[in-house]
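Summary of the model geometry
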Amino acid sequence: MEKKKFYMTTAIAYTSGKPHIGNTYEAILADSIARFKRLQGYEVFMQTGTDEHGQKIEEKAAQKGITPKAFVDEIAGEIKGIWDLVGTSYDKFIRTTDADHEKQVQKIFKKLYDQGDIYKGHYEGMYCTPCESFFTASQLVDGKCPDCGRPCQPAKEEAYFLKLSNYTDRLIEHINTHPEFIQPESRKNEMMNNFLLPGLQDLCVSRTSFKWGIPVDFDDKHVVYVWIDALSNYITGIGYDCDGNSTDQFNKFWPADLHLIGKDILRFHTIYWPIMLMALDLPLPKQIFGHPWLLQGGEKMSKSKGNVLYADDLAKVFGVDAVRYFVLHEMPFDNDGVITWELLVERCNSELANTLGNLVNRTISMSNKYFGGVVTDAGVAEDVDAELKALALETPGKVLAKMENLRVADAITEIFTLYKRCNKYIDETMPWALAKDETKQARLQTVLYNLIESICIGTSLLAPFMPETAEKIFKQLNTSARGIEELDTFGKYANGTKVTEAPEILFQRLVLEDVLKVAEEIKAAQAAEYAKENGLEPVEEKKEEETVIDIEAKPEITYDDFAKLQFQVGEIIACEEVKKSKKLLCSQVKIGSQVKQIVSGIKAHYTPEQMVGKKVMVLVNLKPATLAGIVSEGMLLCAEDENGELALMTPEKTMPSGAEIC
RNA sequence: GGCGAGAUAGCUCAGUUGGCCAGAGCACACGGUUCAUACCCGUGGUGUCGAGGGUUCGAAUCCCCCUCUCGCUACCA
């Protein structure tokens, strides 16, 4: 009978920089699922890769003075290197700069255009360059990008749009009738309530503002914008052809069984991607799992915070499998997980070194000490064996059930429950006592055999999660991993096998202080690098140049234009939070002899107490507007840095309230 | 503001359709053991199951209300 197929993908990683452990987590998670499916006997195809186009990359390459292609080649190589380092067993590593991918994307774009799903229009709004996103004026936060908080520029460009309205009803129907489609299910509500039910805005799918992308072949001003390009990788990578000449591989593997992605891009995968597929008349993927994030000590990792953990650094200290174990076992199913050096040390010592490593080590040592390493099932069973055997035989089914629901952490826990039971079995049987009794030799042999057989069963199941460790254990036991169908019988370990004479320590116990020292070194090195990259180092004159902010120039105005604006010094005499809003403060501002009420989106930067008493710069003749139900009669002016930090403009010398600013 | 999730032992969390004295792991303490990586095994919690009210013979589990945390989303002059 032909094997059942399983096609799964990770998101493709954006080639703007080195991926941290959180990004790497996705690759490891995907890998463990892929390996487990293979263990189950599926014909698995796992695809991962890199997303390499876009304005940000174009700019970064220009900064470095190299071509975008050279830039992405380097980063893609680095990403692939890390995926390889952590043992990711992908079948295909796709790059969106691959020629066949680019060609198909062009064809897909053309096809959707020809059939009317893509139309040409105009995009008018505020544009955030780093995020490569357009926003409506109303979406901006203090006039800044709602995603990254950096300044946006007004822009209008001709653009192609993907029409979504034709398919939304079908998509809503699909999501409602396929509860497994969006996982975890709680995410489904977010998509429904925030996007699908209120009605979707058509998606802008081309750009004219940069060149580093796949050209729209029938309109060369445009390049294909990220989502049609990036999402298509899931079909182009396995041989989709828009003209109907898809490969056998494609026909076999599509639809995907699982798209594994970060929860932040769930929207694109559960809304835009399915609609694209509907437009292409292709079946939808069976499941999209938005995994949670790995937080460093409860915070998102960011270079500027200097708390980024990288897989290669961690692997150096703990070993690849320990890192895999940690991220797979410590991540809750649908909540963000926490990773710290301290937690890593603790888990490594208690679970890996003590429970597993020590179990294997003591078992092999006893085999050597008592029987010269030869393992024999002498068949002298006692009641106490039954429980161990029963658990060893139950465990595969339990692990399987957990994995069916992608409960990877729980699956691993089941395996370790078996290892712990083995340790208990040693105490129950007390081999060292049996060894002292000449008449108990056969019993002692049986006990050791039972242990080794149980370890083999557990370790066969462990292999998808910790492949190197499993390999090491099997090598020491002089046997090999079993398929899941071979785990239904207790006693398959060949009688008379000789285990290694010198068991290798699988996991060294770690001393927290030592590890923290290394962590400090890594952190310091990172900080130095960050400073260098961002010109924060006090060495060169470059410094000033690189800490300034450039924003896009607005069109020139006349003095008359300027003269229309009236600025005055105002004194904040009272200020309170706008209860209904997360961002607004409502201030009473004394300007000359009158008092204006002004609402500002600066709650995150100033408390009401800090506001009171400040003399600030006010645009006074702005048309009043209502914000969160409160009338605002002007605008407080602020300066803002690239991180979205705000600073109120105040007069450099004491000035009376009402003084004109001109 | 809208929608959603959550609040259980010092820490991280399990607790299906309400039912036996509310559980696990880690940490901590004590006891046992010595094959082993100072390891393993055992024992130890009087936790107001976020607050309050209600339904019920009986609620961590259902209903109402409140407080706080988190996610998405909106407003952001």
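Residues numbered from 1 in each chain as written. Chains lettered and ligands numbered in written order. Predicted model: local features only at pLDDT ≥ 70, side-chain atom pairs only at ≥ 80, totals over all residues.

1. A few points about the environment of L39
As a reminder, the rule being used: Secondary structure is summarised from DSSP: a helix means a run of H or I of at least four residues, a strand means a run of E of at least two, and numbering begins at the N terminus for each. Remark: residues whose backbone-derived C-beta atoms lie within 7 Å of one another are considered to be in contact.
By the secondary structure assignment, L39 is in helix α1 (residues 21–39). Along the primary structure L39 and G592 are separated by 553 residues, whereas in three dimensions their C-alpha atoms are 78 Å apart. In contact with L39, other than residues within four places in its own chain, are A463, P464, G483 and I484.

2. Comments concerning the domain arrangement of chain A
Using the following cut-off: Where each domain starts and ends comes from a domain assignment, either automatic or drawn from a database. For this classification, Asp, Glu, Lys and Arg are treated as charged, while Ala, Val, Leu, Ile, Met, Phe, Trp, Tyr, Cys and Pro are nonpolar and the rest, including Gly, are polar.
As far as domains go, chain A holds domain 1 (5–296), domain 2 (359–498) and domain 3 (559–661). Using C-alpha coordinates to define each centre, domain 1 is positioned 44 Å away from domain 2. Tallying the contact residues gives 11 residues for domain 1 and 11 residues for domain 2. At 6 residues, the largest contribution of residues to the side of domain 1 that touches domain 2 is made by α1. Taken together, the residues that form the side of domain 1 that touches domain 2 break down as 5 nonpolar, 5 polar and 1 charged.

3. Focus on helix α18 (residues 467–477)
Our working definition: Residue burial is a threshold on neighbouring C-beta atoms within 10 Å of the residue's own C-beta, all placed from the backbone, with 20 or more meaning buried, 12 or fewer meaning exposed, and counts in between meaning partly exposed. Think of the arc as the fan of directions from the helix axis to the C-beta atoms.
Looking only at α18, the buried set comprises T469, A470, I473, Q476 and L477. Buried residues in α18, looked at end-on, bunch into an arc of 130°, giving them a common side. Considering only its buried residues, α18 is in contact with α12 (320–330), α13 (341–371) and α17 (441–462).

4. Side note on the environment of L462
With respect to the helices and strands, L462 occurs in helix α17. Its 25 C-beta neighbours within 10 Å are what place L462 among the buried residues. Taking C-alpha positions, L462 is 44 Å from T67, a pair spaced 395 residues apart along the chain.

5. Here we look at helix α10 (residues 266–279)
Threshold: Take the number of residues in a helix, subtract one, and multiply by 1.5 Å to get its expected span. One axis is fitted to the seven residues ending at the residue and one to the seven starting there. The bend at that residue is the angle between these axes.
For α10, built from 14 residues, the straight-helix expectation of 20 Å at 1.5 Å per residue is met to within 8% by its first-to-last C-alpha distance of 19 Å. At W273, α10 shows its largest bend, some 30°, and a proline, P274, comes one to four positions later. Most of α10 sits out of view: 11 of its 14 residues are buried. Residues L266, H269, T270, I271, Y272, W273, P274, I275, M276, L277 and A279 constitute the buried set of α10. Just downstream of α10 lies D281, where phi reads positive at about 60°.

6. Examining the sheet that holds strand β11 (residues 214–215)
Formally: Here, a strand pair is defined by DSSP locating no fewer than two bridges between the strands.
Strand order in the open sheet made by the 3 strands is β10-β12-β11, with antiparallel pairing throughout. Across the chains shown, the open sheet's two edge strands, defined by having one partner strand only, are β10 (206–207) and β11. By the bridge criterion, 2 bridges tie β11 to strand β12 (residues 223–224) in an arrangement that is antiparallel. By the bridge assignment, I214 is partnered in β12 with V224.

7. Points about the packing of helix α5 (residues 168–177) against helix α6 (residues 186–196)
What counts here: Orientation is described by axes fitted as lines to C-alpha atoms, over the contacting stretch for helices, and by angles from 0 to 180 degrees between their N-to-C directions. Oblique is the label for any angle not covered by the other classes, which are roughly parallel (under 35 degrees), roughly antiparallel (over 145) and roughly perpendicular (65 to 115). The crossing is said to be left-handed when, going from far helix to near helix, the turn is anticlockwise and less than a right angle, and right-handed when the turn is clockwise.
Two numbers describe how α5 lies on α6: the axes approach to 12 Å, and their chain directions differ by 160°. Judged by the inter-axis angle, α5 sits roughly antiparallel to α6. Along this stretch, α5 crosses α6, giving a crossing that reads as left-handed. For the pair formed by α5 and α6, the contact residues are T168, L171, I172 and I175 on the first element and K188, M192 and L196 on the second. Here the residues of the contact of α5 with α6 are counted per class, giving 5 nonpolar, 1 polar and 1 charged.

8. Some words on the pairing of strand β13 (residues 258–262)
Most of β13 sits inside the fold, with 4 of its 5 residues counted as buried. One ladder, built from 3 bridges, connects strand β1 (residues 5–10) with β13; its direction is parallel. Within the sheet, the bridge partner assigned to M8 lies in β13 and is L258. Pairing geometry for β13 and strand β14 (residues 288–291), over 4 bridges, is parallel. In the strand pairing of β14, I261 is matched with G290.

9. Considerations on the environment of V618
Note on placement: V618 falls in strand β22 (residues 615–619). A C-alpha to C-alpha distance of 48 Å links V618 and A519, two positions 99 residues apart in sequence. Residues within four places of V618 in sequence aside, it is in contact with F567, Q568, G570, V589, I591, I598, G634, M635 and L636.

10. Details of the confidence of the model for chain A
Test applied: pLDDT measures how confident the predictor is about each residue, on a scale from 0 to 100.
Of all residues in chain A, 87% have pLDDT values of 70 or greater, and the mean over the chain is 85. Note that residues 537–547 has pLDDT below 50 and, in this model, 8 contacts with residues that lie over four places away or in other chains. Note on the complex model: pTM 0.82, ipTM 0.87.

11. Quick word on unusual backbone geometry
Residues W254 and P255 are joined by a peptide bond in cis, for which omega reads 5°. You can see P255 is positioned in the loop between α9 (248–253) and β13. At D281, a residue that is not glycine, the phi angle is positive and equals roughly 60°. On the secondary structure map, D281 appears in the loop between α10 and β14. Phi is positive for M430, close to 45°, though the residue is something other than glycine. Tracing the chain through its elements places M430 in the loop between α15 (408–429) and α16 (431–435).

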